[in-house]
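Listed here are the chains, written in short residue letters.
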Amino acid sequence: MSAPSVLYDAPGPKARGRNVGYTAAFALALLAVAWVVYLKFDEKGQLDWTLWQPLLADGRTWTEFLLPGLLNTLIAGALAIVIALPVGAIFGIARLSDHAWIRTVAGTVVEFFRAIPVLILMIFANEFYFLFTDVPADSRPLYAVVTGLVLYNASVLAEVVRSGILSLPKGQSEAAMALGLRKTQTMLTILLPQAVTAMLPAIVSQLVVVLKDTALGGAILGYEDLLIQYRVISANFANTIPTLIVIAIIYIVVNFALTQLAVWLERWLRSRRRGALTGPDPDMLEEQAPGLDLSDTRKGQPVSA
Amino acid sequence: MRFTRVLRMSAAVAALGLAAACGGAGANADKPLLDRVKESKKLTIGIKYDQPGLGRRTPDGKFQGFDVDVAKYVAKELGVDESAITFKETPSAQRENMIEKGEVDFIVATYSITDARKKKVSFAGPYFIAGQDLLIRAEDNEITGPDSLNGKKLCSVKGSTPAQKIQKDYSHEAQLQEYGGYSECITQLLNGTVDAVTTDDVILAGYATQNSGKFKLVGKPFTEERYGIGLRKDDKAGRDAINKAIQKMIDEGVWKQALEKNVGPSGYKIPAPPEITEK
Amino acid sequence: MDFLSRYDLLGAFWVTVQLTVFSAIGSLVWGTVLAAMRVSPVPLMRSFGTAYINLVRNTPLTLVIIGASLGLYSTLGVALVERESPTFIEDNNFWLAVLGLVVYTATFVCESIRSGINTVPAGQAEAARALGLGFGQTLGIVVLPQAFRSVVAPLASVLIALTKNTTVAAAIGVAEAAGLMKEMIENESDKILVVFGVFAVGFVLLTLPTGLLLGWVAKKMAVKR
């Protein structure tokens, strides 16, 4: 449903007047809030140029702290998604296996890791690497962060892949069978490629979740991600609040760009193969619950085949 | 098959990651400190990156603070050039782990000598004796010590013992705000939404120096924290060498200069040098 | 295992449950209001809704919650409970965490409801308008009740994610499960696997039944079209 919406009539002169009224009232309310925020920040001295100068006019803050932090966040995020994708695909397929025991094992693993907070997974991974492996100290936090993210996101992506495969028209696998392809061949050459293409937007928006979640590892494990840079920056300039604001803006810009990419990808895929595939809405799949099966839901619309 | 190629590539990346995970650790991590130094003429020293006055990474990529100065002095005495020191951040929860695994040669990071820690690592020093104190706003005259905090708001770092100590032993009706780091506490103290921040006095002095004129220390330390230099357990020769370096730093007056430079401007009264007890 | 009895495990998980319940109610309400704004006839409200979603959803939750504590309370001076109360800090932090969770989770609720609105056939809204209902009535009486039925499943996912996200409240000192876990890892470093196991099981026990129950409700509620 897009504007002009079916939810309301095209505004006549009276309604237009009323809308102007609402707009004005709403704008006034927003301005009032902004004004109060400005006054309070000013009163507490948070707008002092000495606090903002290191962030806005000193390139070293960026080259030494913020950009390396952002790079670390992007590295952890990219590694996590690159590893989580194949792992997730394997588990997603395993949950569709013809053998009951494979389905059960894969299902249990996926449900388990989806139910545990990522932070707990990261802490555990860190201890695991410390106790049982020789991963050097420099990279242990990265390994722990990536492992935590992979365990969680692979199980989310497993569901994404599974629902993607289930949303394909039945004719696809039937045709493959008629051609004499074996089950593995059907899956790898026919079903999976289509499912992943259809699920690309959901996968990209999962990347946003991954990037935000890297921030969980910084404080406890000492992974020098973007968020944790506020500790070092404020140790230098005593400007905690301005630093947090700037870091928030960086996150928003990067993630917004990624979200736009997801939207663009979806449109591009739609226009490329018109109406052929409709996977579940990425927004709805982003953080799917354990025990829930969205695979028979297309665009939130129950499919009664 | 474009897709299968992508799949294969990501599998390869994953395999690479796993292979790297199983790679080797530091080659000579098991040797005693002095042998390692003799061989490589290099040191890896654990410090804090975010503690003004003690260990702080500056925007030009350098390190500043009292802990850093101690680390550099000890390194010099061990025959290691300042440019051959690698500083590494050691989060509090990871310190014993990193020493045990030989990932740092020693740690100078407001590291208190305790019996529990001595089970896992050895200490040289102490190189400084701090005490838990309170940091308050400069114009505050009501708070005079740990027992005048009833009804006041106190801030400290989550899971740390200092704040719990006050609630348990001194002011039972003090309200406690906990955060992940001190910088949040300092912000609240500046804003007037907490009345005091508590931890070791020298750490507080670092923040008072950083925010010159806005804060003051109460100046009545009520615990004793003996900061030691943590190193490999039972590395006696290494410990003796470090102890000798600390003693020399104190005797030459470099110790006092370093403190005056890093935390002196806060008005913090620099205590007498400690007697080295970890032998 | 008896070291566990030294810690108030149930108490910590109880705080987690409370955080979840209050935040869930709050984000359902605020998320619905946001969704209504995003489809409303007033252009400024639509833009506000879009901007809000894009800003908040792309910010890490940790930042949102620290922002509630340092920004909203400490700098702007907004306290959520009686300032003179002897447990002011504890209560205020709890509600600041709830607020942060609501602000963040509402964006996911809003997007789910919006996709729910999309599943309601246009004829429904058209019929409502033909009957002379205004925007508020069309949305409130006709479209939303139907939309909710088809978004039970995604909303359940959001609820589960919310349960797990309450762990972030530890950043401003709320004494919930993750905070206790950090303390236990610090003190009982030799029993780390047991500690991890206990908390993992705790969260599985909290989230799995919710998921299963709401999954069943979702199937019951689904509208056949």
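The name given to chain C in an unreviewed UniProt entry is Glutamate ABC transporter permease, and the organism recorded there is Longimycelium tulufanense. Reading the Sequence similarities (unreviewed entry) entry of the UniProt record for chain C gives the comment "Belongs to the binding-protein-dependent transport system permease family. HisMQ subfamily." Listed in UniProt under the heading Subcellular location (unreviewed entry), the comment for chain C reads: "Cell membrane".

Named according to an unreviewed UniProt entry, chain A is Glutamate ABC transporter permease originating from Longimycelium tulufanense. Check the Subcellular location (unreviewed entry) section of the UniProt entry for chain A; it says "Cell membrane". According to UniProt, the comment filed for chain A under the heading Sequence similarities (unreviewed entry) is "Belongs to the binding-protein-dependent transport system permease family."

### Regarding the overall build of chain C
Secondary structure assignment for chain C yields 9 helices and 0 strands. For the C-alpha atoms alone, the extent of chain C along its principal axes is close to 70 × 45 × 30 Å. Evaluated residue by residue, chain C yields a buried proportion of 56% over its 225 residues. Across chain C, contacts joining residues at least 24 apart in sequence account for 75% of those joining residues at least 6 apart. Put simply, chain C shows about 8900 Å² of open surface, and 67% of that area lies on carbon and sulfur atoms. Charge-centre separation for chain C: the mean point of 15 positive side chains lies 22 Å from the mean point of 13 negative side chains.

### Digging into the interface of chain C and chain B
Across the boundary between the two partners, chain C contributes 20 residues, which contact 15 residues of chain B. For the pair chain C and chain B, the two sides together bury roughly 1400 Å², of which 50% comes from carbon and sulfur. Counting the surface chain C buries against chain B, the share from its top three residues, Leu70(C), Ser74(C) and Ile89(C), is 37%. Taken together, the links from chain C to chain B amount to 0 salt bridges. When residues in the side of chain C that touches chain B are grouped by element, the largest group, 6 residues, is from helix H3 (residues 61–75) of chain C. Its residues assigned to classes, the side of chain C that touches chain B comprises 10 nonpolar, 9 polar and 1 charged.

### Side note on the pattern of salt bridges
Overall, the coordinates contain 21 salt bridges over all chains when judged by the stated rule. Close ionic contact of Arg95(A) with Glu159(A) constitutes a salt bridge, the shortest N to O distance being 2.7 Å. Of this pair, Arg95(A) sits in the loop between helix H3 (59–94) and helix H4 (100–115) while Glu159(A) sits in helix H6 (residues 140–166), placing them 64 residues apart in sequence. No difference in accessibility class separates Arg95(A) from Glu159(A), as the two residues are buried. Linking Arg38(C) and Glu111(C) is a salt bridge whose minimum nitrogen-to-oxygen distance equals 2.8 Å. Residue Arg38(C) is located in helix H1 (residues 9–38), and its partner Glu111(C) is located in helix H4 (residues 88–119); the two are separated by 73 residues in the primary sequence. With respect to class, Arg38(C) is no different from Glu111(C); both count as buried.

### A few points about the state of the cysteines
Residues and elements named next belong to chain B. Across all of its chains, the model carries 1 disulfide over all chains by this definition. What pairs with cysteine 155 in a disulfide is cysteine 185, and their sulfur atoms sit 2.1 Å apart. Disulfide cysteine 155-cysteine 185: the torsion about the S-S bond is -75°, which places it as left-handed. Note that cysteine 155 is positioned in strand S9 (residues 153–157) and cysteine 185 in helix H7 (residues 182–191), a separation of 30 residues in sequence. The exposure classification of cysteine 155 matches that of cysteine 185, with both residues buried.

### Topic: unusual backbone geometry
Positive phi, close to 50°, is recorded for Ala238(A), a residue that is not glycine. Positioned with a positive phi, Lys41(B) is a non-glycine residue whose angle comes to about 55°. Structurally, the position occupied by Lys41(B) is in the loop between helix H2 (33–40) and strand S1 (43–47). Lys41(B) gets classed as partly exposed once you look at its relative accessible area, which sits at 47%.

### Focus on the UniProt feature "transmembrane region" (unreviewed entry) in chain C
As recorded in UniProt, the feature "transmembrane region" (unreviewed entry) lies at residues 12–39, 60–81, 93–110, 130–148, 154–180 and 192–218 of chain C. As annotated, residues 192–218 of chain C has a helix share of 100% and a strand share of 0%, and its two end C-alpha atoms lie 38 Å apart.

Calculation notes
Residues numbered from 1 in each chain as written. Chains lettered and ligands numbered in written order. Predicted model: local features only at pLDDT ≥ 70, side-chain atom pairs only at ≥ 80, totals over all residues. Heavy atoms only, no water. UniProt positions renumbered as here; feature names shortened; annotations may be inferred. Helix = DSSP H or I, 4+ residues; strand = E, 2+ residues; numbered from the N terminus. Buried < 20%, exposed > 50% of the residue type's maximum accessible area, 1.4 Å probe, protein only. Contact = heavy atoms within 4.5 Å. Areas by Shrake-Rupley, 256 points an atom, 1.4 Å probe, with all protein chains shown as cover. Lys, Arg positive; Asp, Glu negative; His and termini not counted. Charge placed at Lys NZ, Arg CZ, Asp CG, Glu CD. Buried area = accessible area lost by both parts, 1.4 Å probe. Salt bridge = Lys/Arg side-chain N within 4 Å of Asp/Glu carboxyl O. Nonpolar A, V, L, I, M, F, W, Y, C, P; charged D, E, K, R; others polar. Disulfide = S-S within 2.5 Å.

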